[in-house]
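Structural overview for review
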Amino acid sequence: MAAENPLNRLDDDDYPAYTMGRAAEMLGTTPAFLRAIGEARLITPLRSAGGHRRYSRYQLRIAARARELVDQGTPIEAACRIVILEDQLEEAQRLNEEYRRSAKPSG
């Protein structure tokens, strides 16, 4: 089996490329905010071999949405719940659309 090209990870939204410090800097927030949304189980960062939190681009997008809500005055626990529910709704709508497409009679 051929080894995967490590450069393919550059386009992988799920690859945990960002340290906590870099992620906080990119989001304009603090590491404490990232820990708090982790404790609220909005995102679960992967851990490096040394035990350090590592975040993916996908996780940073979710964290950015939570930060928007918190900046608008929503408590962090509520913001996390809202983002989770938004994500579940989006997935349900996607599945419903797939079902509708597959249920249409052909011809």
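The preceding data block contains the structure.
Residues numbered from 1 in each chain as written. Predicted model: local features only at pLDDT ≥ 70, side-chain atom pairs only at ≥ 80, totals over all residues. Heavy atoms only, no water.

Along the protein chain, the regular secondary structure elements total four helices and three strands. Starting at the N terminus, the α and β elements of the protein chain follow one another as β-α-α-β-β-α-α. The proportion of buried residues among the 107 residues of the protein chain is 23%. A separation of at least 24 residues holds for 59% of the contacts in the protein chain among residues at least 6 apart in sequence. A total of about 7,800 Å² of accessible surface is found on the protein chain, and carbon and sulfur atoms cover 51% of it. (Helix = DSSP H or I, 4+ residues; strand = E, 2+ residues; numbered from the N terminus. Buried < 20%, exposed > 50% of the residue type's maximum accessible area, 1.4 Å probe, protein only. Contact = heavy atoms within 4.5 Å. Areas by Shrake-Rupley, 256 points an atom, 1.4 Å probe, with all protein chains shown as cover.)

Right, let's talk about the pattern of salt bridges for a bit. Tallying each qualifying case throughout the model produces nine salt bridges. When the shortest N-O distance is used, the salt bridge between Glu68 and Arg65 registers 3.2 Å. Of this pair, Glu68 and Arg65 both sit in helix 3 (residues 57–71), three residues apart, which is roughly one turn of that helix. Owing to a relative accessible area of 42%, Glu68 belongs among the partly exposed residues under this scheme. One salt bridge connects Asp71 with Arg67, and the closest N-O pair in it is separated by 3.7 Å. (Salt bridge = Lys/Arg side-chain N within 4 Å of Asp/Glu carboxyl O.)

As a further point, take the nonpolar core. Leu34, Ile37, Leu42, Ile43 and Tyr55 are the most contacted members of the largest nonpolar core, which totals 19 residues. Elements that contribute at least two residues to this core include exactly helix 1 (20–27), helix 2 (31–39), helix 3 and helix 4 (76–103). Among all residues touching Tyr55, those that are not within four sequence positions of it are Tyr15, Pro16, Ala17, Tyr18, Thr19, Met20, Ala23, Leu34, Ile43, Pro45 and Leu60. (Core = buried A, V, L, I, M, F, W, Y, C linked by side-chain atoms within 4.5 Å.)

Honestly, that's just the spatial picture; any functional story needs more than this.
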